[in-house]
Amino acid sequence: MTKDEFQVVESILSLFPELCRAADQRRDYVVSLVLAPNHGEPVQGGPGVSAIERFVDGDRESANLKIILDRIVGCLEKLRAEEGRFVERYYFEGQSAYDFEESGSVLYGKRRKVCAKLAGVLSIYHLVREWREVEQIRRLEAAKIVRGGP
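The residue numbering used here restarts from 1 in each chain and proceeds along that chain's sequence as written. With pLDDT at 70 or above as the cut-off, local features in this predicted model cover only qualifying residues; side-chain atom pairs require 80 or more to be listed or tallied, and sums for whole chains, interfaces and linings still use all residues. To obtain the side-chain values, all non-hydrogen atoms of the structure were included, while hydrogens and water were left out.

**Observations regarding the confidence of the model for the protein**
Move 1: The pLDDT value expresses, per residue, how confident the predictor is, ranging between 0 and 100. Mean pLDDT over the protein stands at 86; residues scoring 70 or higher make up 84%.
Move 2: The helix and strand labels rest on DSSP assignments: H or I over at least four residues marks a helix, E over at least two residues marks a strand, and numbering proceeds from the N terminus. The lowest-confidence element of the protein is helix 2 (residues 51–58), averaging 66 in pLDDT; the highest-confidence one is helix 4 (residues 81–92), averaging 95.

Next up, the structure:
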């Protein structure tokens, strides 16, 4: 694994909690769009599929987030239990070398080893990058609204 690939995998892992929140928020948003014109009345989307599920599944951003999360979770499931706990503590909870009571070089070695095993997430990097760009634009627009500017 190259240094660049290592950094990409670490970046994706660090974004995982935010990606989970974004998927939940997007689903809530799409559901609100489906329910708003019908005032909460259930609408059928076909045999055995509600309109809500049809719209969520048909929403490009929701679909991309599902692909991203499915790939990350699929890769994480292949880790041994101790490696999974390490990923959770280091990347998801943000613990540092001090929390692990290990030297920087030992911690770096663990990170490299785990990221090499999670190299499968590299295939979704383009989707993660696209999501980050859209989120950046949304945040800038929200900041403009809060400031009261155009």
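**As for the side chain of Glu10**
Move 1: The residue Glu10 is located in helix 1 (residues 3–35) in this model.
Move 2: In this structure Glu10 comes out as buried when scored by relative accessible area, which is 13%.
Move 3: A polar contact is formed between the side chain of Glu10 and the side chain of Tyr91, at a distance of 2.6 Å.
Move 4: Note on definitions: a residue-residue contact is assigned when non-hydrogen atoms from the two residues lie within 4.5 Å. Setting aside residues up to four positions removed in sequence, Glu10 forms contacts with Tyr90, Tyr91, Arg111 and Cys115. Each residue is placed in one exposure class: buried if its accessible area under a 1.4 Å probe, protein chains only, is under 20% of its type's maximum, exposed if it is over 50%, and partly exposed if it falls in between. We define a polar contact as two N or O atoms separated by no more than 3.5 Å, with the added condition that, inside protein, one atom must be a possible hydrogen donor and the other a possible acceptor, whereas residues neighbouring each other in sequence contribute only through side-chain atom pairs.

**Here we look at the nonpolar core**
Move 1: For our purposes a nonpolar core is just a set of buried Ala, Val, Leu, Ile, Met, Phe, Trp, Tyr and Cys residues, chained together by side-chain atoms within 4.5 Å. Among the nonpolar cores identified, the biggest contains 31 residues, and Leu13, Leu19, Ile72, Val87, Leu118 and Ile124 are the most heavily contacted of them.
Move 2: In terms of residues, this core owes the most to one element, helix 1, which gives 10 residues.
Move 3: With sequence-adjacent residues up to four places away left out, Ile124 is seen in contact with Ile12, Ile67, Ile68, Arg71 and Ile72.

**Focus on helix 7 (residues 125–147)**
Move 1: Taking 1.5 Å of rise per residue, 23 residues should cover 33 Å, and helix 7 covers 33 Å from first to last C-alpha, within 8% of that figure.
Move 2: Lining the buried residues of helix 7 we find helix 1 and helix 3 (60–76).
Move 3: Immediately downstream of helix 7, the backbone of Gly148 shows phi near 85°, a positive value. A helix is expected to reach a length of 1.5 Å times the quantity of its residues less one.

**As for the pattern of salt bridges**
Move 1: Put simply, a salt bridge is a Lys or Arg side-chain nitrogen that is within 4 Å of an Asp or Glu carboxyl oxygen. Summed over the entire model, instances satisfying the criterion amount to 10 salt bridges.
Move 2: The partner of Arg26 in a salt bridge is Glu61, with the nearest N and O atoms 3.4 Å apart. You can see Arg26 sitting in helix 1 and its partner Glu61 sitting in helix 3, a full 35 residues away along the chain.
Move 3: Glu61 sits in the buried class, given a relative accessible area of 17%.
Move 4: Here Glu82 ties to Arg80 by a salt bridge, and the two come within 2.9 Å at their closest N and O atoms.

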